[in-house]
Amino acid sequence: MAGTQVNPTRMELTRLKKKLATATRGHKLLKDKRDELMRQFLDKVRENKRLRERVEEGIGAANKNFLLARAGMQDQVLNTALLAPKQRVSLESEAENVMSVEIPKFTFKTRTPDQNDIFSYGFAFTSSDLDGAVQSLADVFPDMLALAECEKGCQLMAVEIEKTRRRVNALEHVMIPELQANIKYISMKLDENERSTQIRLMKVKDMMLKEAHGYDDPLN
Amino acid sequence: MYKIGVLGDRDSIYGFAALGLEVFPVSTPEDGARALRNLCDQNYGIVYITEAMAEELAPELERCRENLLPAVIPIPGVHGNTGLGINMVKRSVEQAVGSDIIFNQK
């Protein structure tokens, strides 16, 4: 009961019983939700790990290529080469609902369909290392997008799982035991009241008999 | 229709401009924080951020974590992989499961 005062009335008892039924049902549902979220989360996080390793490796390699390209070219030339990009990426995002968690789903569109538009410079004055570097980055880009989608999904799901877990625990270890204890307390109290009323009535009956007919209790 | 931004030191990110992403070269954490906040308010779906910069902006990243968009994703910069990105994934696992059960299998 944890120190809370409850009114030992029949109305309170019905109310608490209803509350307990709701709590038990809620607990079961939340537990199912947590289990399913956890299953999907673990799948997703494994995928996330795999993608991240691949992306980190890809970007690392691309960075090395860029470093080489920079070494072979003047800074100004490089800056002008990448100053005005021809290609432009835009992103569409849909919210996908996974067990009431909204996770984003990305699709990207390039402005022009031509894959070679990532080379926004004339080839005459730039080193061929730059082409390779830009290409290696372009290769890793689809993975980067998948990583963004996956990682964000994981983060959002992790937050939701934590919340759900707390709710399940609160229901299981606090709410439900407390309600059960209260219900027990009230039903005991009601039974006790009923017994005491019974006894009182018997006593009154005895007293009234004695007064009317002079009967005495045979035991006295 | 969303845009994709890349945030970090110039050397690490200038290549992304060629792909058609929008690059925001920043050198100090203060500039980075300001730029990231700007991107969060604008129409950006994904913000890639170099790990070195992400480390400086941990509180800002924390703020973006629970929003649906933008997805702020750390990527390794030109100075190499600091392991921050994989640590963030680890943190998600720890938050969800209670202990790290994915990455400690060596």
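With respect to the packing of helix 2 (residues 29-41) of chain B against helix 4 (residues 58-65) of chain B
Residue and element names in this part refer to chain B.
- With their axes 10 Å apart at the nearest point, helix 2 and helix 4 run at an angle of 10 degrees to one another. With respect to helix 4, the axis of helix 2 lies roughly parallel. In this structure, helix 2 contributes Ala33, Leu36, Arg37 and Cys40 to the contact, and helix 4 contributes Glu60, Leu61, Arg63 and Cys64.
- Considering only residue class, the contact of helix 2 with helix 4 consists of 5 nonpolar, no polar and 3 charged.

Notes on the interface of chain B and chain A
- Taken together, the contact pairs 49 residues of chain B with 49 residues of chain A.
- At the boundary of chain B with chain A, total buried surface from both sides reaches about 4300 Å², with 66% on carbon and sulfur atoms.
- It is B:Tyr14, B:Leu19 and B:Leu68 in chain B that bury the most area against chain A; as a group they hold 15% of the surface buried on that side.
- At the boundary of chain B and chain A, one finds 1 salt bridge.
- The shortest N-O distance in the salt bridge between B:Asp11 and A:Arg70 comes to 3.4 Å.
- The interface formed by chain B and chain A includes 13 residue pairs in polar contact (both at pLDDT 80 or more).
- Looking at the side of chain B that touches chain A, the elements with two or more residues in it are strand 1 (3-8), helix 1 (10-19), strand 3 (44-50), helix 4, strand 4 (71-75) and helix 5 (84-97) of chain B.
- Partitioning the side of chain B that touches chain A into residue classes produces 31 nonpolar, 11 polar and 7 charged.

A few points about the sheet that holds strand 2 (residues 22-25) of chain B
- With parallel pairing, the 4 strands of this open sheet are ordered in space as 2-1-3-4 (chain B). Edge strands, defined here as strands with exactly one partner in the open sheet, are strand 2 and strand 4 of chain B. Adjacent strand axes in the sheet meet at a mean angle of 20 degrees, parallel and antiparallel pairs treated alike.
- Taken together, the 5 bridges between strand 3 of chain B and strand 4 of chain B define a ladder with parallel strand orientation. Residue B:Ile46 lies in a different strand from strand 4 of chain B, and its bridge partner there is B:Ala71.
- Sheet strands touched by helix 3 (residues 128-213) of chain A: strand 1, strand 3 and strand 4 of chain B. Its angle to strand 4 of chain B, the strand with the most contacts, is close to 120 degrees.

Focus on the packing of aromatic side chains
- Enumeration over the complete set of coordinates arrives at 3 aromatic pairs over all chains.
- Ring centres of A:Phe108 and A:Phe141 lie 5.2 Å apart, and the angle between their planes is 85 degrees; this geometry places the pair in the edge-to-face category. Separated by 33 residues along the polypeptide, A:Phe108 in strand 2 (residues 101-110) and A:Phe141 in helix 3 bring together distant segments of the chain.
- We classify A:Phe141 as buried; its relative accessible area is 5%.
- Relative to B:Tyr44, the ring of B:Phe24 has its centre 5.9 Å away and its plane inclined at 75 degrees; by these criteria the two rings are edge-to-face. With B:Phe24 in strand 2 and B:Tyr44 in strand 3, this residue pair connects regions lying 20 residues apart in the sequence.
- Here B:Tyr44 falls in the buried class, since its relative accessible area comes to 3%.
- Above the face of the B:Tyr14 ring, B:Arg10 is positioned so that its terminal group lies 5.4 Å from the ring centre.

Rules of the game
- Residues numbered from 1 in each chain as written.
- Chains lettered and ligands numbered in written order.
- Predicted model: local features only at pLDDT ≥ 70, side-chain atom pairs only at ≥ 80, totals over all residues.
- Heavy atoms only, no water.
- Axes fitted to C-alpha atoms, helices over the stretch in contact; angles between N-to-C directions.
- Helix = DSSP H or I, 4+ residues; strand = E, 2+ residues; numbered from the N terminus.
- Parallel < 35°, antiparallel > 145°, perpendicular 65-115°, else oblique.
- Contact = heavy atoms within 4.5 Å.
- Nonpolar A, V, L, I, M, F, W, Y, C, P; charged D, E, K, R; others polar.
- Buried area = accessible area lost by both parts, 1.4 Å probe.
- Salt bridge = Lys/Arg side-chain N within 4 Å of Asp/Glu carboxyl O.
- Polar contact = N/O pair within 3.5 Å; in protein donor to acceptor, adjacent residues only side chain to side chain.
- Pairing = 2+ DSSP bridges.
- Phe/Tyr/Trp six-rings, centres within 6.5 Å; stacked < 30°, edge-to-face > 60°.
- Buried < 20%, exposed > 50% of the residue type's maximum accessible area, 1.4 Å probe, protein only.
- Lys NZ or Arg CZ within 6 Å of the ring centre and 35° of its normal.

By themselves, these observations are geometric and do not establish any function.
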